[in-house]
Amino acid sequence: MTTTRTPKVSERVAPKPADPQPAKKKRGEDDDGPDFRTLLHAWLESHRASLADSLRRLGKQPIGSFFTCLVMAVALSMPMGLSLLLKNVEKLGGSWQRAAQISLYLKLDAGSREGEALRDEIKGMPGVADALYVSREQALDEFQQQSGLGEALRELPDNPLPGVVVVTPTEVDKPALEALRQRLSELPRVEVAQLDLLWVERLAAILKLGDRFVFGLAVMLISALLLVIGNTIRLHIENRRTEIEVIKLVGGTDAYVRRPFLYMGALYGLGAGLLAWGILAFGLNWLNEAVVGLSGLYGSDFALGGVPASDGLSLLIGAVLLGYIGAWIAVARHLNELAPR
(Lines give C-alpha, C1' and ligand atoms only; values in the text may rest on other atoms or scores of the structure.)
Protein backbone atom coordinates (compact mmCIF):
# COMPACT_ATOMS: atom_id res chain seq x y z
CA MET A 1 0.00 0.00 0.00
CA THR A 2 1.05 3.40 -0.70
CA THR A 3 1.07 5.71 2.29
CA THR A 4 0.15 9.33 1.85
CA ARG A 5 2.10 11.77 3.93
CA THR A 6 -0.10 14.22 5.81
CA PRO A 7 1.49 17.65 6.20
CA LYS A 8 2.02 18.99 9.61
CA VAL A 9 -0.10 21.76 11.01
CA SER A 10 2.85 24.15 11.01
CA GLU A 11 3.40 23.46 7.38
CA ARG A 12 -0.25 24.04 6.55
CA VAL A 13 -0.49 27.43 8.28
CA ALA A 14 2.93 28.68 7.39
CA PRO A 15 2.67 31.67 5.09
CA LYS A 16 3.86 31.37 1.60
CA PRO A 17 6.91 33.31 0.70
CA ALA A 18 5.89 36.86 -0.29
CA ASP A 19 6.18 37.92 -3.87
CA PRO A 20 9.27 39.93 -4.53
CA GLN A 21 8.48 43.65 -4.17
CA PRO A 22 9.53 45.91 -7.03
CA ALA A 23 12.51 48.01 -6.26
CA LYS A 24 11.73 51.55 -5.22
CA LYS A 25 12.34 54.09 -7.93
CA LYS A 26 15.01 56.50 -7.25
CA ARG A 27 14.05 60.14 -6.94
CA GLY A 28 14.04 61.85 -10.30
CA GLU A 29 14.17 58.50 -12.17
CA ASP A 30 10.50 58.65 -13.22
CA ASP A 31 8.41 61.63 -12.06
CA ASP A 32 4.76 61.11 -11.33
CA GLY A 33 2.18 62.92 -13.48
CA PRO A 34 2.26 64.11 -17.06
CA ASP A 35 5.39 65.51 -18.59
CA PHE A 36 5.93 69.08 -19.74
CA ARG A 37 4.96 68.40 -23.35
CA THR A 38 1.62 66.96 -22.30
CA LEU A 39 0.93 69.90 -20.01
CA LEU A 40 1.86 72.39 -22.73
CA HIS A 41 -0.39 70.64 -25.24
CA ALA A 42 -3.29 70.67 -22.77
CA TRP A 43 -2.72 74.38 -22.04
CA LEU A 44 -2.66 75.28 -25.75
CA GLU A 45 -5.73 73.17 -26.41
CA SER A 46 -7.59 74.93 -23.60
CA HIS A 47 -6.74 78.35 -25.06
CA ARG A 48 -7.71 77.21 -28.55
CA ALA A 49 -11.07 75.97 -27.29
CA SER A 50 -11.68 79.23 -25.41
CA LEU A 51 -10.83 81.31 -28.49
CA ALA A 52 -13.08 79.18 -30.72
CA ASP A 53 -15.91 79.44 -28.19
CA SER A 54 -15.56 83.23 -28.03
CA LEU A 55 -15.60 83.51 -31.83
CA ARG A 56 -18.64 81.26 -32.03
CA ARG A 57 -20.57 83.29 -29.48
CA LEU A 58 -19.71 86.59 -31.19
CA GLY A 59 -20.72 85.08 -34.52
CA LYS A 60 -24.15 84.23 -33.15
CA GLN A 61 -24.79 87.96 -32.57
CA PRO A 62 -23.12 89.66 -35.56
CA ILE A 63 -25.16 92.87 -35.48
CA GLY A 64 -24.74 93.44 -31.77
CA SER A 65 -21.02 92.63 -31.92
CA PHE A 66 -20.54 94.96 -34.90
CA PHE A 67 -22.22 97.92 -33.22
CA THR A 68 -20.25 97.36 -30.02
CA CYS A 69 -17.02 97.43 -32.04
CA LEU A 70 -18.26 100.49 -33.94
CA VAL A 71 -18.92 102.45 -30.73
CA MET A 72 -15.44 101.58 -29.52
CA ALA A 73 -13.94 102.50 -32.90
CA VAL A 74 -15.51 105.97 -32.89
CA ALA A 75 -14.18 106.60 -29.39
CA LEU A 76 -10.71 105.41 -30.42
CA SER A 77 -10.58 107.36 -33.68
CA MET A 78 -11.35 110.77 -32.15
CA PRO A 79 -8.13 111.33 -30.13
CA MET A 80 -5.99 109.61 -32.75
CA GLY A 81 -7.56 111.73 -35.50
CA LEU A 82 -6.95 114.96 -33.60
CA SER A 83 -3.36 113.92 -32.97
CA LEU A 84 -2.82 113.24 -36.69
CA LEU A 85 -4.40 116.58 -37.60
CA LEU A 86 -2.09 118.34 -35.14
CA LYS A 87 0.93 116.69 -36.73
CA ASN A 88 -0.26 117.75 -40.18
CA VAL A 89 -0.83 121.32 -39.04
CA GLU A 90 2.78 121.45 -37.85
CA LYS A 91 3.84 120.91 -41.45
CA LEU A 92 1.61 123.72 -42.77
CA GLY A 93 3.64 126.35 -44.58
CA GLY A 94 6.76 124.21 -44.59
CA SER A 95 7.55 123.68 -40.92
CA TRP A 96 7.06 125.32 -37.54
CA GLN A 97 10.82 125.72 -37.26
CA ARG A 98 10.71 128.55 -39.79
CA ALA A 99 8.72 130.60 -37.30
CA ALA A 100 11.66 130.43 -34.89
CA GLN A 101 14.48 131.43 -37.25
CA ILE A 102 17.56 133.13 -35.85
CA SER A 103 18.78 136.15 -37.83
CA LEU A 104 22.52 136.79 -37.71
CA TYR A 105 23.33 140.36 -38.78
CA LEU A 106 26.92 140.54 -39.97
CA LYS A 107 29.29 143.45 -39.67
CA LEU A 108 29.16 146.00 -42.48
CA ASP A 109 32.67 145.20 -43.61
CA ALA A 110 31.89 141.47 -44.02
CA GLY A 111 31.94 140.52 -47.71
CA SER A 112 29.96 137.89 -49.60
CA ARG A 113 32.74 135.30 -49.34
CA GLU A 114 32.89 135.63 -45.58
CA GLY A 115 29.10 135.41 -45.36
CA GLU A 116 28.97 132.25 -47.49
CA ALA A 117 31.81 130.65 -45.49
CA LEU A 118 29.99 131.45 -42.27
CA ARG A 119 26.79 129.96 -43.70
CA ASP A 120 28.58 126.70 -44.55
CA GLU A 121 30.10 126.56 -41.08
CA ILE A 122 26.73 127.08 -39.39
CA LYS A 123 25.06 124.33 -41.45
CA GLY A 124 27.37 121.76 -39.89
CA MET A 125 26.60 122.81 -36.30
CA PRO A 126 24.36 120.62 -34.10
CA GLY A 127 20.81 121.87 -33.67
CA VAL A 128 20.78 123.61 -37.08
CA ALA A 129 18.44 122.36 -39.81
CA ASP A 130 19.39 124.89 -42.49
CA ALA A 131 21.14 128.23 -43.02
CA LEU A 132 20.61 130.84 -45.74
CA TYR A 133 22.90 133.76 -46.57
CA VAL A 134 21.35 137.05 -47.76
CA SER A 135 23.93 139.49 -49.12
CA ARG A 136 23.79 143.25 -48.58
CA GLU A 137 22.63 143.81 -52.15
CA GLN A 138 19.83 141.25 -51.87
CA ALA A 139 18.70 142.74 -48.57
CA LEU A 140 18.57 146.22 -50.10
CA ASP A 141 16.56 145.00 -53.10
CA GLU A 142 14.03 143.21 -50.88
CA PHE A 143 13.69 146.25 -48.62
CA GLN A 144 13.09 148.52 -51.61
CA GLN A 145 10.35 146.25 -52.95
CA GLN A 146 8.58 145.73 -49.61
CA SER A 147 8.85 149.24 -48.16
CA GLY A 148 7.90 151.24 -51.25
CA LEU A 149 10.85 153.60 -50.65
CA GLY A 150 12.82 152.51 -53.69
CA GLU A 151 13.42 156.00 -55.07
CA ALA A 152 14.52 157.41 -51.71
CA LEU A 153 16.88 154.52 -51.01
CA ARG A 154 18.61 154.92 -54.34
CA GLU A 155 19.68 158.41 -53.28
CA LEU A 156 21.69 157.04 -50.37
CA PRO A 157 25.46 157.16 -50.90
CA ASP A 158 26.09 153.72 -49.33
CA ASN A 159 24.10 150.60 -48.62
CA PRO A 160 23.19 150.80 -44.90
CA LEU A 161 21.95 147.19 -44.65
CA PRO A 162 24.30 144.40 -43.47
CA GLY A 163 24.47 140.85 -44.77
CA VAL A 164 22.26 138.35 -42.93
CA VAL A 165 22.52 134.63 -42.25
CA VAL A 166 19.07 133.17 -41.50
CA VAL A 167 19.37 130.02 -39.36
CA THR A 168 16.54 127.47 -39.10
CA PRO A 169 16.76 125.30 -35.92
CA THR A 170 15.88 121.62 -35.80
CA GLU A 171 13.42 121.96 -32.91
CA VAL A 172 11.21 124.59 -31.35
CA ASP A 173 12.36 124.65 -27.73
CA LYS A 174 13.03 127.90 -25.91
CA PRO A 175 16.08 126.83 -23.82
CA ALA A 176 17.67 125.09 -26.81
CA LEU A 177 17.00 128.07 -29.07
CA GLU A 178 18.46 130.51 -26.58
CA ALA A 179 21.58 128.37 -26.19
CA LEU A 180 21.92 128.17 -29.99
CA ARG A 181 21.48 131.92 -30.35
CA GLN A 182 24.16 132.55 -27.72
CA ARG A 183 26.56 130.18 -29.49
CA LEU A 184 25.94 131.81 -32.86
CA SER A 185 26.40 135.33 -31.49
CA GLU A 186 29.98 134.44 -30.51
CA LEU A 187 30.97 133.58 -34.07
CA PRO A 188 33.37 135.95 -35.86
CA ARG A 189 31.90 138.63 -38.16
CA VAL A 190 28.51 138.41 -36.34
CA GLU A 191 27.31 141.75 -35.00
CA VAL A 192 23.87 140.78 -33.62
CA ALA A 193 22.03 137.45 -33.25
CA GLN A 194 18.28 138.09 -33.03
CA LEU A 195 15.56 135.62 -32.04
CA ASP A 196 11.87 136.37 -31.59
CA LEU A 197 11.41 134.49 -28.33
CA LEU A 198 7.92 135.88 -27.80
CA TRP A 199 6.67 134.18 -30.95
CA VAL A 200 8.45 130.98 -29.95
CA GLU A 201 6.71 131.04 -26.58
CA ARG A 202 3.35 131.59 -28.25
CA LEU A 203 3.99 128.76 -30.65
CA ALA A 204 5.06 126.41 -27.88
CA ALA A 205 1.97 127.34 -25.87
CA ILE A 206 -0.31 126.57 -28.83
CA LEU A 207 1.31 123.19 -29.39
CA LYS A 208 1.22 122.38 -25.69
CA LEU A 209 -2.46 123.30 -25.52
CA GLY A 210 -3.20 120.99 -28.44
CA ASP A 211 -1.25 118.13 -26.88
CA ARG A 212 -3.00 118.54 -23.54
CA PHE A 213 -6.40 118.67 -25.18
CA VAL A 214 -5.71 115.47 -27.09
CA PHE A 215 -4.35 113.78 -23.95
CA GLY A 216 -7.37 114.78 -21.85
CA LEU A 217 -9.77 113.63 -24.55
CA ALA A 218 -7.91 110.33 -24.85
CA VAL A 219 -8.14 109.71 -21.09
CA MET A 220 -11.88 110.41 -21.06
CA LEU A 221 -12.61 108.21 -24.06
CA ILE A 222 -10.42 105.38 -22.75
CA SER A 223 -12.40 105.45 -19.50
CA ALA A 224 -15.62 105.31 -21.52
CA LEU A 225 -14.24 102.38 -23.53
CA LEU A 226 -13.46 100.43 -20.36
CA LEU A 227 -17.03 101.00 -19.18
CA VAL A 228 -18.43 99.83 -22.53
CA ILE A 229 -16.30 96.70 -22.53
CA GLY A 230 -17.05 96.01 -18.88
CA ASN A 231 -20.80 96.33 -19.37
CA THR A 232 -20.73 94.12 -22.49
CA ILE A 233 -18.73 91.39 -20.77
CA ARG A 234 -21.01 91.62 -17.73
CA LEU A 235 -23.99 90.84 -19.94
CA HIS A 236 -22.18 87.80 -21.35
CA ILE A 237 -21.40 86.66 -17.82
CA GLU A 238 -25.05 86.97 -16.76
CA ASN A 239 -26.16 84.94 -19.78
CA ARG A 240 -23.77 82.14 -18.78
CA ARG A 241 -24.23 82.33 -15.01
CA THR A 242 -25.69 78.82 -14.65
CA GLU A 243 -22.99 77.32 -16.86
CA ILE A 244 -20.24 79.03 -14.87
CA GLU A 245 -21.67 77.87 -11.55
CA VAL A 246 -21.70 74.28 -12.80
CA ILE A 247 -18.10 74.59 -14.01
CA LYS A 248 -16.99 75.89 -10.61
CA LEU A 249 -19.03 73.18 -8.87
CA VAL A 250 -17.10 70.41 -10.64
CA GLY A 251 -13.75 72.04 -9.83
CA GLY A 252 -13.19 74.54 -12.62
CA THR A 253 -10.58 77.15 -11.67
CA ASP A 254 -11.04 80.91 -11.86
CA ALA A 255 -8.51 81.07 -14.68
CA TYR A 256 -10.54 78.54 -16.69
CA VAL A 257 -13.74 80.51 -16.16
CA ARG A 258 -12.07 83.84 -16.93
CA ARG A 259 -10.28 82.79 -20.13
CA PRO A 260 -13.18 82.88 -22.66
CA PHE A 261 -14.24 86.35 -21.52
CA LEU A 262 -10.70 87.69 -21.84
CA TYR A 263 -10.55 86.41 -25.41
CA MET A 264 -13.93 87.99 -26.06
CA GLY A 265 -12.71 91.36 -24.80
CA ALA A 266 -9.56 91.12 -26.92
CA LEU A 267 -11.65 90.25 -29.99
CA TYR A 268 -13.89 93.27 -29.37
CA GLY A 269 -10.75 95.41 -29.17
CA LEU A 270 -9.32 93.90 -32.36
CA GLY A 271 -12.51 94.63 -34.28
CA ALA A 272 -12.68 98.15 -32.88
CA GLY A 273 -9.05 98.84 -33.78
CA LEU A 274 -9.54 97.72 -37.38
CA LEU A 275 -12.71 99.82 -37.71
CA ALA A 276 -10.99 102.86 -36.16
CA TRP A 277 -8.07 102.52 -38.59
CA GLY A 278 -10.52 102.40 -41.49
CA ILE A 279 -12.49 105.40 -40.18
CA LEU A 280 -9.33 107.48 -39.84
CA ALA A 281 -8.08 106.56 -43.30
CA PHE A 282 -11.44 107.37 -44.90
CA GLY A 283 -11.91 110.57 -42.88
CA LEU A 284 -8.49 112.01 -43.69
CA ASN A 285 -8.88 111.12 -47.35
CA TRP A 286 -12.32 112.76 -47.45
CA LEU A 287 -11.06 115.89 -45.65
CA ASN A 288 -7.95 116.06 -47.81
CA GLU A 289 -9.97 116.99 -50.91
CA ALA A 290 -11.14 120.23 -49.31
CA VAL A 291 -7.69 120.96 -47.85
CA VAL A 292 -5.98 120.55 -51.23
CA GLY A 293 -8.51 122.87 -52.86
CA LEU A 294 -8.04 125.52 -50.17
CA SER A 295 -4.24 125.36 -50.19
CA GLY A 296 -4.25 125.59 -53.99
CA LEU A 297 -5.99 128.96 -53.77
CA TYR A 298 -3.02 130.22 -51.74
CA GLY A 299 -0.46 128.76 -54.13
CA SER A 300 0.56 125.99 -51.75
CA ASP A 301 0.85 122.25 -52.34
CA PHE A 302 -0.01 121.36 -48.73
CA ALA A 303 -1.99 118.13 -48.29
CA LEU A 304 -2.95 116.00 -45.34
CA GLY A 305 -0.97 112.85 -44.82
CA GLY A 306 -2.62 109.49 -44.31
CA VAL A 307 -2.45 107.22 -41.27
CA PRO A 308 1.16 106.03 -40.84
CA ALA A 309 1.57 102.28 -40.47
CA SER A 310 3.27 102.72 -37.08
CA ASP A 311 0.37 104.78 -35.74
CA GLY A 312 -2.15 102.31 -37.14
CA LEU A 313 -0.40 99.35 -35.50
CA SER A 314 -0.17 101.27 -32.22
CA LEU A 315 -3.90 101.96 -32.42
CA LEU A 316 -4.61 98.29 -33.09
CA ILE A 317 -2.45 97.02 -30.22
CA GLY A 318 -3.87 99.63 -27.84
CA ALA A 319 -7.44 98.64 -28.75
CA VAL A 320 -6.72 94.95 -28.08
CA LEU A 321 -5.13 95.79 -24.72
CA LEU A 322 -8.07 97.99 -23.75
CA GLY A 323 -10.50 95.21 -24.59
CA TYR A 324 -8.45 92.71 -22.58
CA ILE A 325 -8.15 95.01 -19.56
CA GLY A 326 -11.85 95.91 -19.62
CA ALA A 327 -12.81 92.24 -19.73
CA TRP A 328 -10.41 91.41 -16.90
CA ILE A 329 -11.90 94.13 -14.68
CA ALA A 330 -15.46 93.00 -15.44
CA VAL A 331 -14.74 89.32 -14.72
CA ALA A 332 -12.76 90.12 -11.57
CA ARG A 333 -15.72 92.07 -10.18
CA HIS A 334 -18.25 89.28 -10.77
CA LEU A 335 -16.13 86.19 -10.25
CA ASN A 336 -16.76 86.04 -6.51
CA GLU A 337 -20.51 86.28 -7.10
CA LEU A 338 -20.45 83.19 -9.30
CA ALA A 339 -19.52 80.74 -6.53
CA PRO A 340 -21.99 77.81 -6.49
CA ARG A 341 -24.57 77.95 -3.70
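As the structure is a prediction and not an experimental result, all values here were calculated from the model. (Residues numbered from 1 in each chain as written. Predicted model: local features only at pLDDT ≥ 70, side-chain atom pairs only at ≥ 80, totals over all residues. Heavy atoms only, no water.)

Here the focus is the sheet that holds strand β4 (residues 190-195). Adjacent strands of a sheet pair through backbone hydrogen bonds, lying either parallel or antiparallel. If you walk across this open sheet you meet the 4 strands as β2-β3-β1-β4, and the pairing is antiparallel. Across the chains shown, the open sheet's two edge strands, defined by having one partner strand only, are β2 (128-134) and β4. In this sheet, adjacent strand axes meet at a mean angle of 20° when their direction is disregarded. Both β2 and strand β3 (residues 164-169) contribute to a ladder of 6 bridges, which runs antiparallel. When the bridges of β3 are listed, A131 appears paired with V167. (Pairing = 2+ DSSP bridges. Helix = DSSP H or I, 4+ residues; strand = E, 2+ residues; numbered from the N terminus. Axes fitted to C-alpha atoms, helices over the stretch in contact; angles between N-to-C directions.)

Turning next to the UniProt feature "transmembrane region" (unreviewed entry) in the chain. Under the local residue numbering, the UniProt record ascribes the feature "transmembrane region" (unreviewed entry) to residues 63-86, 213-233, 266-287 and 312-331. Summarising residues 213-233: 100% helix, 0% strand, and an end-to-end C-alpha distance of 30 Å. The distance separating the terminal C-alpha atoms of residues 312-331 is 29 Å; by composition the span is 100% helix and 0% strand. (UniProt positions renumbered as here; feature names shortened; annotations may be inferred.)

Before going further, it helps to examine the nonpolar core. In terms of nonpolar packing, the biggest core is built from 34 residues, with L76, I233 and Y268 touching the most fellow members. The set of elements that each furnish at least two residues to this core consists of α3 (62-90), α8 (197-239), α9 (241-249), α10 (254-297) and α11 (309-334). Top element by residues in this core is α10. It accounts for 10 residues. Excluding anything up to four places from it in sequence, Y268 contacts L58, S65, T68, C69, M72, I229, T232 and H236. (Core = buried A, V, L, I, M, F, W, Y, C linked by side-chain atoms within 4.5 Å. Buried < 20%, exposed > 50% of the residue type's maximum accessible area, 1.4 Å probe, protein only. Contact = heavy atoms within 4.5 Å.)

A separate point is the environment of A303. Here A303 lies in the loop between α10 and α11. Sequence spacing of A303 and G293 is 10 residues, and the spatial spacing of their C-alpha atoms is 9.3 Å. Sequence-distant contacts of A303, defined by excluding residues within four places in its chain, comprise N88, N288 and V292.

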